[in-house]
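Analysis of the macromolecular model
Chain by chain, the residues run as shown.
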Amino acid sequence: MVAYLGDRPPTYAAEPIALPAADPAGLGSLTPDTVLEGAQYGGYTLRAASVRGDSARFRGEARRDFLLTARFGTGPDALVLVVLAGGDRSAPGAAEAAAELCRSVAAAVGRSQERLSQDIRDGRREALRSGLQRLTDRGYGQLRARAAELGLPEDGYTAGLRGLLLPVDPGCRTRICFGAGAGGLFRLRDGQWRDLEEPGPASGDPAAFRFRASVARPGDTLLLCSGGLADPMREERPLSAELSARWADAPPPGLAAFLADTQLRLKGYADDRTAAAVWEA
């Protein structure tokens, strides 16, 4: 079993130490250390996890990342949505902003499910891009308004967002990814990782809206993640190499194994980690 990657152990312990402080009048807002989710439709298998970072576990702080998975509609027209968000751990409203952003974007996707499903089937990528950008911008607009109500600066009540739309119809292999701010999208194909958000020479604001529509190939693995996992995926070769060794040419892991994979530890990376991965049959 791999205890950690790299030549030095991480600063913090591998397991939770302290619980966050609780308010007797606000127990409904308590956030669990870890959330797991999974599904299987048509030709793909979905695994998703959100886990409190080593630093938060040591300090008794709540998880600031948020993960939401939902199926909208029934039959072959249904869509599976995964949306995740992560905020700056130093910002006082990070956890609330991440949750609010995910819920507002998911609700908007759910209300537009029929149109989005038809656009995906018909390959209307520009319509998908503009529609998802509008609802993402609306979600961030709500965060800015809430920040003003709370007397917080805009960057004190925001989060990086990533969303993934998966048709239930096994005959449709189009995968739609979108978001803004910190986070990442990676694809494992033929044993090699590719950063699908790699900045190009004309890249603009890193917080600008991101959109990608692609047709999945058999054997692909798509990984969507918050900044807490995207950063080491981009900066630490041992992590991407270990995940490639575990996931390439192998069946999708169970929930517990996926959680262990996303928690591979490296010194210097102690933030919350939230990830969703899709294995194509």
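A short tour of the structure in this document, coming up. Just so you know, these numbers come straight off a predicted model, no measurement behind them.

**Observations regarding the overall build of the chain**
Broken down by element type, the chain carries 7 helices and 11 strands. Scaling as 2.2 N^0.38, a compact globule of 281 residues should have a C-alpha radius of gyration of about 19 Å, and the chain matches this with 18 Å. Summarising its shape, the C-alpha atoms of the chain cover approximately 50 × 50 × 40 Å along the three principal directions. Sequence separation of 24 or more characterises 71% of the internal contacts of the chain that already satisfy a separation of 6 or more. Carbon and sulfur atoms make up 50% of the accessible area of the chain, which totals about 13,300 Å². The averaged location of the 36 negative side-chain charges in the chain is 3 Å from the averaged location of its 35 positive side-chain charges.

**Describing the pairing of strand β4 (residues 79-86)**
With respect to burial, β4 is a largely interior element, 8 of its 8 residues being buried. Side-chain alternation along β4 places L79, L81, V83 and A85 on one buried face and V80, V82, L84 and G86 on a second face that is also buried. Strand direction decides the pairing type here: strand β3 (residues 66-72) and β4, joined by 7 bridges, are antiparallel. Residue F72 lies in a different strand from β4, and its bridge partner there is L79. Count of turn residues in the β3/β4 antiparallel hairpin: 6 residues, of which G73 carries a positive phi of about 90°. Direction of pairing for β4 relative to strand β5 (residues 160-167): antiparallel, over a ladder of 8 bridges. The residue bridging L84 from the neighbouring strand is R162, located in β5.

**Structural notes on the packing of aromatic side chains**
In the structure shown here, the tally under the stated rule is 6 aromatic pairs. Taking 5.0 Å as the distance between ring centres and 70° as the angle between the ring planes, the aromatic pair formed by W247 and W279 counts as edge-to-face. Of the two residues, W247 sits in helix α6 (residues 237-247) while W279 sits in strand β11 (residues 273-280), which places them 32 residues apart along the sequence. Its relative accessible area of 5% is what places W279 among the buried residues.

**Things to note about the environment of G171**
You can see G171 is positioned in the loop between β5 and β6 (174-180). In sequence terms G171 and G43 are 128 residues apart; their C-alpha atoms lie 8.6 Å from each other.

**Here we look at the pattern of salt bridges**
Here the structure, examined in full by the defined rule, presents 19 salt bridges. In this structure, the salt-bridge partner of R124 is D122, at a minimum N-O distance of 2.8 Å. A salt bridge links R189 to D220; the nearest nitrogen and oxygen atoms lie 2.7 Å apart. Residue R189 is located in strand β7 (residues 184-189), and its partner D220 is located in the loop between β9 (210-215) and β10 (221-225); the two are separated by 31 residues in the primary sequence. The residues R189 and D220 share a single accessibility class, namely buried. When salt bridges with common partners are traced through the structure, they connect R162, D195, E197, R210 and R234 into a single cluster.

Rules used throughout
Residues numbered from 1 in each chain as written. Predicted model: local features only at pLDDT ≥ 70, side-chain atom pairs only at ≥ 80, totals over all residues. Heavy atoms only, no water. Helix = DSSP H or I, 4+ residues; strand = E, 2+ residues; numbered from the N terminus. Rg over C-alpha atoms; globule rule 2.2 N^0.38 Å. Contact = heavy atoms within 4.5 Å. Areas by Shrake-Rupley, 256 points an atom, 1.4 Å probe, with all protein chains shown as cover. Lys, Arg positive; Asp, Glu negative; His and termini not counted. Charge placed at Lys NZ, Arg CZ, Asp CG, Glu CD. Buried < 20%, exposed > 50% of the residue type's maximum accessible area, 1.4 Å probe, protein only. Pairing = 2+ DSSP bridges. Phe/Tyr/Trp six-rings, centres within 6.5 Å; stacked < 30°, edge-to-face > 60°. Salt bridge = Lys/Arg side-chain N within 4 Å of Asp/Glu carboxyl O.

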